Amino acid sequence: MNKIITGKNIVKIFGHGSEQTKVLNGVNAEVEKGEFVAVMGPSGSGKSTLLFVLSGMDDITGGSVRFGDTELSQLKENELADVRRKKMGFIFQQPTMLKNLDILDNIILPAAQDGKKDFAQLTQRAKKLMKKTGIAGLEKRDITEVSGGQLQRAGICRALMNEPEILFADEPTGALNSKSSEEIMEMLVDINQEGTAILLVTHDSKVAARADRVLFTKDGDIVSELKLQKFSGDKIESRTEKVLAQMAAVGI
Amino acid sequence: MYSRLIKNDIRKTKLITAAITVFILVSAMLVSLAAILAVNLFGAIDNMMLTARTAHFTRMHAGSIDMAQISEFAEDNANVESWQVLEYLNIEGAQIVIGNENLSWSTQDNGFSTQSREFDFLLDLAGNVIVPQDGEVWIPLYYMKTGSAKVGDEVAVHGVRLTVAGFLRDSMMNPAMASSKRFLVSENDFELLRDRGIMEYLIEFRLFDPAASTTFESGYIAADMPANGPLAITVLLVRLMNGIEDGMMIAVLGLISTLVVIVAFLCIRFTLLAKIEEDYREIGVLKAVGLRVSDIKRLYTVKYGAIAAVASVLGFLLSLAAQEPFMANIRLYLGVSGREVFGVLAGFVGAAVIFLIVMLYVSGVLQRFRKISAAQAVRRGAPQEKTRAARGLSMNGRILSTNAFLAIKDVLTRKKLYIIMFLVIVISSFIMMVPQNIKNTISSPDFFTNMGIGRSDFFFTVTNAQTQDVLGLSAEIAKQVSQDESVLKYAWLTTQLFEMPPVDGAIERMQVTLGDHGVFPVTYTHGAGPKTVDEIAISNLYADDFGKSVGDEIVLMVDGAEKQLTVCGIYTDITNAGKTAKAIFQAHGVDILSSSVWVALDNPAMTAIKVTDYQAKFPAARVIGVNETAAQMFENVASAIGQASLAAIVIAALLTVLVTILFLKMLIAKDRYPIAVLKSMGFTTRSIGRQYMLRSAIVFVLGVVIGTVLANTLGEYAGIALMSSFGASTFPFEINPLFAYVFSPLLLALCVFIATLPGLADIQRVKIFNHIKEA
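Residues numbered from 1 in each chain as written. Chains lettered and ligands numbered in written order. Predicted model: local features only at pLDDT ≥ 70, side-chain atom pairs only at ≥ 80, totals over all residues. Heavy atoms only, no water.

(A) Spotlight on the interface of chain A and chain B. Each partner contributes residues to the interface: chain A has 36 residues there, and chain B has 39 residues. Of the roughly 3200 Å² buried between chain A and chain B, counting both surfaces, carbon and sulfur atoms make up 56%. Remark: the boundary between chain A and chain B carries zero salt bridges. Our count for the chain A to chain B interface comes out at three residue pairs in polar contact (both at pLDDT 80 or more). Counting residues per element, the ones that place at least two in the side of chain A that touches chain B are helix 1 (47–54), helix 2 (77–87), helix 3 (103–113) and helix 4 (119–132) of chain A. (Contact = heavy atoms within 4.5 Å. Buried area = accessible area lost by both parts, 1.4 Å probe. Salt bridge = Lys/Arg side-chain N within 4 Å of Asp/Glu carboxyl O. Polar contact = N/O pair within 3.5 Å; in protein donor to acceptor, adjacent residues only side chain to side chain. Helix = DSSP H or I, 4+ residues; strand = E, 2+ residues; numbered from the N terminus.)

(B) Spatial organisation of the sheet that holds strand 4 (residues 62–67) of chain A. Residues and elements named next belong to chain A. Taken in spatial order, the four strands make up an open sheet running 2-1-4-5, and their pairing is antiparallel. Either end of the sheet is taken by a strand with one partner, and the two such strands are strand 2 (21–32) and strand 5 (70–71). The sheet contact formed by strand 4 and strand 5 spans two bridges and is antiparallel. Within strand 5, the position partnered with R66 by the bridge is E71. Seen against the sheet, helix 1 touches strand 1 (3–14), strand 2 and strand 4 and runs at an angle of roughly 120° to strand 1. (Pairing = 2+ DSSP bridges. Axes fitted to C-alpha atoms, helices over the stretch in contact; angles between N-to-C directions.)

(C) Up close: the environment of B:R370. All names here are of chain B. Within the secondary structure layout, R370 lies in the loop between helix 10 (340–365) and helix 11 (374–380). Note on R370: relative accessible area 54%, which makes it exposed. The sequence separation of R370 and K297 amounts to 73 residues, and the corresponding C-alpha distance is 9.9 Å. (Buried < 20%, exposed > 50% of the residue type's maximum accessible area, 1.4 Å probe, protein only.)

(D) Expanded view of the sheet that holds strand 3 (residues 36–40) of chain A. Residue and element names in this part refer to chain A. With respect to topology, six strands assemble into an open sheet ordered 6-7-8-3-9-10, the strand pairing being mixed. Whereas interior strands pair on both sides, the edge strands pair on one side only; in this sheet they are strand 6 (88–91) and strand 10 (221–227). Geometrically, the sheet is characterised by an average inter-axis angle of 15° between neighbouring strands, direction not taken into account. Pairing between strand 9 (residues 213–218) and strand 10: six bridges, direction antiparallel. Looking at the pairing, L215 lines up with E225 of strand 10.

(E) View of unusual backbone geometry. Backbone geometry places A:E163, a non-glycine residue, at a positive phi of 45°. Tracing the chain through its elements places A:E163 in the loop between helix 5 (148–160) and strand 7 (166–170). Positive phi values are uncommon outside glycine, yet B:H158 reaches one of about 45°. Positionally, B:H158 belongs in the loop between strand 8 (154–157) and strand 9 (160–170).

(F) Up close: the packing of helix 3 of chain A against helix 12 (residues 402–413) of chain B. Interhelical geometry of helix 3 of chain A versus helix 12 of chain B gives an angle of 145° and a closest axis separation of 10 Å. Note on element contacts: helix 12 of chain B touches helix 3 of chain A through B:T402, B:N403, B:F405 and B:L406, opposite A:D105, A:L109, A:A112 and A:Q113. When the residues that make up the contact of helix 3 of chain A with helix 12 of chain B are grouped by side-chain class, the tally is four nonpolar, three polar and one charged. (Nonpolar A, V, L, I, M, F, W, Y, C, P; charged D, E, K, R; others polar.)

(G) Just the pattern of salt bridges, in detail. Residue and element names in this part refer to chain B. Here the structure, examined in full by the defined rule, presents 35 salt bridges over all chains. Between R414 and D410 there is a salt bridge whose closest N-O contact spans 3.1 Å. Residue classification places R414 among the buried positions, given a relative accessible area of 10%.

(H) Highlighting the pairing of strand 2 of chain A. All names here are of chain A. Pairing analysis gives nine bridges linking strand 1 to strand 2, with the strands arranged antiparallel. Each residue of the ladder has a partner; that of K3, found in strand 2, is E32. Adjacent in sequence and paired antiparallel, strand 1 and strand 2 are bridged by six residues, among which G15 carries a positive phi angle near 85°.

(I) View of helix 7 (residues 235–278) of chain B. In this model, helix 7 of chain B (44 residues) spans 61 Å end to end at C-alpha, consistent with the 64 Å of a helix rising 1.5 Å per residue. Its axis deflected by about 55° at B:I244, helix 7 of chain B carries its strongest bend there. (Expected span 1.5 Å × (residues − 1). Bend = angle between axes of the 7 residues up to and from the residue.)

(J) Expanded view of the packing of helix 9 (residues 293–334) of chain B against helix 10 of chain B. All names here are of chain B. Two numbers describe how helix 9 lies on helix 10: the axes approach to 9 Å, and their chain directions differ by 155°. One element, helix 9, and the other, helix 10, form an angle in the roughly antiparallel class. Once helix 9 is placed against helix 10, the crossing between them reads as right-handed. Two secondary-structure elements touch here, helix 9 through K297, T301, Y304, G305, A308, A309, S312, F316 and L320 and helix 10 through V344, G347, F348, A351, F355, V358, M359, V362 and S363. Counted by class, the contact of helix 9 with helix 10 contains twelve nonpolar, five polar and one charged residues. (Parallel < 35°, antiparallel > 145°, perpendicular 65-115°, else oblique. Left-handed = near helix turned anticlockwise from the far one by under 90°.)

(K) Region of interest: the nonpolar core. Counting residues in each nonpolar core, the largest one holds 184 residues, and the members touching the most others are B:I24, B:F112, B:I139 and B:F205. Here the element with the most residues in this core is helix 7 of chain B; it accounts for 22 residues. In this view, B:I139 contacts B:I98, B:A149, B:V155, B:V164, B:G166, B:F167, B:L168 and B:F183; residues no more than four positions away in its chain are not counted. Ranked by size, the runner-up nonpolar core spans 50 residues in total, among them A:I143, A:L200, A:A209 and A:V214. (Core = buried A, V, L, I, M, F, W, Y, C linked by side-chain atoms within 4.5 Å.)

(L) Here's a closer look at the side chain of B:Q84. Residue and element names in this part refer to chain B. Within the secondary structure, Q84 sits in strand 2 (residues 80–90). A distance of 3.2 Å separates polar atoms of two side chains, one belonging to Q84 and the other to S116. Residues within four places of Q84 in sequence aside, it is in contact with S116, R117, E118, F119, D120, L202, I203 and E204.

(M) Just the packing of aromatic side chains, in detail. Per the counting criterion, the structure on display carries 27 aromatic pairs over all chains. Ring centres of A:F90 and A:F168 lie 5.4 Å apart, and the angle between their planes is 15°; this geometry places the pair in the stacked category. Residue A:F90 is found in strand 6, and its partner A:F168 is found in strand 7; the two are separated by 78 residues along the sequence. Here A:F90 matches A:F168 in class, with each residue buried. Taken together, a centroid distance of 6.3 Å and an interplanar angle of 40° make the contact between B:F57 and B:F205 tilted. Here B:F57, found in strand 1 (residues 57–62), pairs with B:F205, found in strand 11 (residues 198–207); they are 148 residues apart in sequence, far enough to count as distant. Accessibility assignment for this pair places B:F57 and B:F205 in one class, buried. Here the aromatic cluster, defined as three or more aromatic residues joined through ring pairs, consists of B:F57, B:F73, B:F205, B:F216 and B:Y220. The ring of B:Y614 carries B:K617 above its face, with NZ or CZ at 5.1 Å from the centroid. (Phe/Tyr/Trp six-rings, centres within 6.5 Å; stacked < 30°, edge-to-face > 60°. Lys NZ or Arg CZ within 6 Å of the ring centre and 35° of its normal.)

(N) Representation of a negative patch on the surface within the structure. Residues and elements named next belong to chain B. On the surface, D66, E72, E75 and D76 cluster together to form a negatively charged patch. Position of D66 relative to the elements: it lies in the loop between strand 1 and helix 3 (67–76). The class of D66 is partly exposed, set by a relative accessible area of 40%. (Patch = residues over 30% accessible without salt bridge, like charges linked within 9 Å, V, L, I, M, F, W, Y side chains within 5 Å. Areas by Shrake-Rupley, 256 points an atom, 1.4 Å probe, with all protein chains shown as cover. Lys, Arg positive; Asp, Glu negative; His and termini not counted. Charge placed at Lys NZ, Arg CZ, Asp CG, Glu CD.)

Structure (structure tokens):
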């Protein structure tokens, strides 16, 4: 059993009564261990919702989502929190940091909450990650004292602190300039190559082109899928063209 | 349009609207209640004094009396409208048997009188002048309150049998604090009793100008008029004593009301600022399209105007309902006020004042609109909170759990936010403790030392009214006491009247108590007690009268020669109408007014037995237990404040619960985003809840500590302000540690805990998805 996430027949409806909106329409999606999957689609197509329900951060109206062998909808809230803390990492479009902690404490936080008591070791790990993501030296900075790109890297460090099996990334480069964007994507590819699965939602074909597999959503359904070779520093342009061609084919 | 706007807004913020309504309502109710009670209290006092035609100046006198001298004095004094001398037959409490019980427990001077002909009438409870029939006795209201008598009871006085026909309202001696009580009988019955007690006289005057009663008093003393008795009562003192019990309660209500208004302000400020932050962009837009600041302000003031108006009106109406038990007490003691309508009007004005204050405050907070730049508001929305992470506190090297760490860090970082809840806890502690402290202080036996009475177990008083040989009898008492092995220490004091050298032809006199004042010291507000024969300590009323302070000189005529004395201390006194002095020099051949022997026992628990023993041994002296006297004198005041204190506890608990619920709900609403972030990182609802619990706990502990300290220090000044009407100008608070340090914090802690729970449910409801997406 190599599947880390298995979503079957997922239905997600927002609102009640006459104001109901069906955002996911019986979607099937899965992520294998170590796989890098990108989800693309126009605004309102349900791609972010898909990421949130597959990660258990939002509940589903119908269908099933399994993490390994565990049905997420069966878990109690605390058990779900444990899974998120121990097995999953999250990166959001806007860096989600706590205002009253400095960068280092923000990064350490989930690991500390996980009961890891050896702070010297935690700090060492955080610093290593910060070095790797190019933000060494910013440990004691306030989150208002660094740039958006630096904050997003700190977010990645935080997501990696507990060595997750899978990283969920919701438009991680959406708020960044193209240079920062490139650097973040390179980082994600490295992380993936070290064995962490990634499920990433994006608007950007160039970003999606680094994935092993691209899912295209439209009107609450997955309408198409594009399989690519594992990215290994080869030319991004040709992969991007493939993604664009597929998009044109399904009309998004 | 406004009404729809208000309705929508209120529907969206039900809880906060309800809380603010309650605060305004409670303060409007209390202010209105205090106003209604004050008007009726003073109305009732005036009304009673009018019906009873209360004397403007009364001097009790024992011994022979020269009517011609009084008549001459009255004719010479232009201010005297009329005068009379009433007989007051002092009878030992043990000889007055009501039903099966006698009044030996009572520390009051009990005496029998007939109805007066001219003025100073004794009234029945309907406010009519009583005409007692033969065989009837009318009992002072005081004994109705103590439950000692009821209508129809048989009263036996030295074998004379009378029936209780009713209770009487005595404009002069009604309150427990007036230490004498009058029983009313018919003239025939009075003749039967005449030889069974000690005759004293009430020399009474009605004045054309009652306000000048104090001046009149000096004139009376200067004229060497009869003054051998415990009491000189001016109309001012009558008014004060009648008003003090309910007056103190009204003052406590006023104090609580002030604090509740402050809490209401804090909540209004907090919610208004949050609302402005929320509406920042809209306000900018309104400004940009050309609305004036006053127009925009109106949109907000209308809502608070509606809330404040409804709450004030409701508070006023509630005060009308709540006044009944308080008014019942006033009606019983003092009768109808005749100003009921005016009282209701005053209550309404009180509530209206609260409304106005709230509106002024809202308007003040909304001045902030002026600062909003339209361009900035539209483009960027509300400016970010200017918070910086509290430095010097980091995860590394901490010993606390992650939750505790985050909670402390948050409180430190957002002090401004938490200060509101902190202040409310401080105020609640204050409201809870101060009235309780005042009550404890009054109930404490040591309170007497602040009132000019040394801390002893019991004392003997010997006056001319009781014996011809005051000195001889007191010497005998002192001798017996000195030989009594159960006596720890004693002091023999004599009170004498000294003339002062005439100033501008007028002779002033000073009552000075001589003896060793170091044995049972009183508390001095300034300086200390007399240590040499050239020193004198004076009561604060004397200090005011003569304009003297510590270090000043006072000259007395002692044994025919002038004696220079230095004022060494000033103290508060309630005995002898507040005019006393203490010195240790010797004097001979001066009028001795009274003599007293003060005693402390090895075992104070023996006091009651000793008092009975000594009273039997020395029937001509009065033996008085100090604790008992204190208890009887102040029990009504203490119970009135006790009532107010109970109300205060309920209000403080209510405030704490409401504000904490409100505060946490708003805080959690504000914190939806970081909560979602924490949840996304795998924090459970429970552990986030624990953080909020801990934040409340931190703020709570700080609030209670500061509140307790303030209540026990600053509160003392509030207490002193309230009690200065007694003439007590300073005294330390008597704190009941069990209440102040255990019960009160525990009750508040319970309130905070309960109030935190609804907030926790809100944390549960925060969905990661919705809030992370918002960012």
